[in-house]
Structures are given as C-alpha cells and as structure tokens.
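Below are the chains, spelled out letter by letter.
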Amino acid sequence: MERMQGEREVDHLERPSPLTDKERVVLQDSWAKVYQNCDDVGVAILIRFFVNFPSSKQYFSNFKNIEQPEELEKSAQLRNHARRVMNSINTLVENLENPDKVASVLKLLAKAHALRHKVEPVYFKILSGVILEVLGEAFPEAAEVAEAWTKLLGILYCSITTTYEEVGWSKLSTATG
C-alpha cells in the first residue's frame, strides 16, 4: 500500500524535459533559502519519508527499529544521513550548468545505492515526492518553484534508474528476490 501511494504521488517524474535557464535560476534561488536551514530541513524530509514509508527504514541498521518520529529526530545517524542528502542536493544545484558534473555525482550515488546498499530504486521516487511536499510547504504560493523542482527531481530519478539498469539491477533483484 505505501509503495503504490508514493508512486502515484510522483508519477509525473518519469518523463522530464530539460531545465530552462529560468528554471535553473528558480532552483538555485529557492535552494539557497532552503539550504540555510539544511540540517532541520534534511531531518524533516527523512522523518516524513520514514514515517510515511516505514519499509524504507530497512536499509538503515542504526535506526530501522525506531518507530517514534521524536526518537528518529534524536538519532545521530539519521541526522548524519540527512546532512549527506542535503549536501548531495546542494552539489547538484550548484552544478546545474555543468551536466557532466551532475551526471557524475548521480552515477556515483546510484551505483553506491544499487550495489553496496541494495536500495530498491522506487525509494528514490518516493523520496522525491517527499522532497516536493516539503518544498511545497516552504514555497506554498510559488508554482514555478514546484514546477522546477518537479522537473529536476524527475531528471535525477531517470538518471539514477538508468545507472541502476547499467549495473544490472534487474538481474540483481530477480536473483535475490
């Protein structure tokens, strides 16, 4: 049930078009405001992700059995992971004019999550939906912000799933599933 709900929320991420110059500016401006509170926003994103999609915690041995959001918020491991997520997004936003750098960062991220952590790619799609929700709350009146972030997260998701396919993810998941 939780997966289907998450997939419905972000189905529009599947066929992104390229970012325009205006969208890059919107992304960078909105991100600058969000990144000022990077630790708090990152923790809020991950707590919402784990509370709304508890199966996503299975990949985190340090806090997979923590049920209460208040306890999750106190987890040093969760805070560290939230900081890594936010710093990765920051690197991508800072390099929107450098597609080779963006592609390189995403390829490394996808390979690590596919091969080392064995994370199902659908969780990137679900996390994208959670990020969009949190950003929507931060910019409730700014439709152009939501549209730009939707497009960027769609591009990121497609790039990540392409790398998963390149490393043979479907073979891995059928062999282990």
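Calculation criteria
Residues numbered from 1 in each chain as written. Predicted model: local features only at pLDDT ≥ 70, side-chain atom pairs only at ≥ 80, totals over all residues. Heavy atoms only, no water. Helix = DSSP H or I, 4+ residues; strand = E, 2+ residues; numbered from the N terminus. Buried < 20%, exposed > 50% of the residue type's maximum accessible area, 1.4 Å probe, protein only. Contact = heavy atoms within 4.5 Å. Areas by Shrake-Rupley, 256 points an atom, 1.4 Å probe, with all protein chains shown as cover. Phe/Tyr/Trp six-rings, centres within 6.5 Å; stacked < 30°, edge-to-face > 60°. Axes fitted to C-alpha atoms, helices over the stretch in contact; angles between N-to-C directions. Parallel < 35°, antiparallel > 145°, perpendicular 65-115°, else oblique. Left-handed = near helix turned anticlockwise from the far one by under 90°. Nonpolar A, V, L, I, M, F, W, Y, C, P; charged D, E, K, R; others polar.

(A) Spatial organisation of the overall build of the protein. Check the secondary structure of the protein and you find nine helices and zero strands. Expressed as a percentage of its 177 residues, the buried residues of the protein come to 44%. For the protein, restricting intrachain contacts to residue pairs at least 6 apart in sequence, the fraction spanning at least 24 positions comes to 78%. Accessible surface, the protein: about 9,900 Å² in total, of which carbon and sulfur atoms supply 51%.

(B) Up close: the packing of aromatic side chains. Across all of its chains, the model carries eleven aromatic pairs by this definition. With a centroid separation of 6.4 Å and 85° between ring planes, the pair formed by F49 and Y123 is classed as edge-to-face. Of this pair, F49 sits in helix α3 (residues 38-52) while Y123 is found in helix α7 (residues 122-138), placing the two residues 74 residues apart along the sequence. Each member of the pair F49 and Y123 is classed as buried.

(C) Here's a closer look at the environment of N95. Note that N95 resides in the loop between α5 (76-94) and α6 (99-116). Given the relative accessible area of 18%, N95 is considered buried. In sequence terms N95 and R24 are 71 residues apart; their C-alpha atoms lie 9.9 Å from each other.

(D) Looking closely at the packing of α7 against helix α8 (residues 143-166). Interhelical geometry of α7 versus α8 gives an angle of 165° and a closest axis separation of 10 Å. Of the possible angle classes, the one that applies to α7 and α8 is roughly antiparallel. Where α7 crosses over α8, the two elements pack in a sense that is right-handed. Where α7 approaches α8, its residues V122, F124, K125, S128, I131, L132 and L135 are matched on the opposing element by A146, W149, T150, L153, Y157, I160 and Y164.

(E) Looking closely at the packing of α6 against α8. It is the contact of α6 with α8, at a shortest axis distance of 9 Å, that shows an interaxial angle of 55°. In terms of their interaxial angle, α6 and α8 are classed as oblique. Here α6 and α8 pass one another in a crossing that is right-handed. Counted together, L106, K107, L109, A110, K111, H113 and A114 of α6 and L156, S159, I160, T163, Y164 and E166 of α8 form the full contact between these two elements. A breakdown of the residues in the contact of α6 with α8 according to their chemical character gives seven nonpolar, three polar and three charged.

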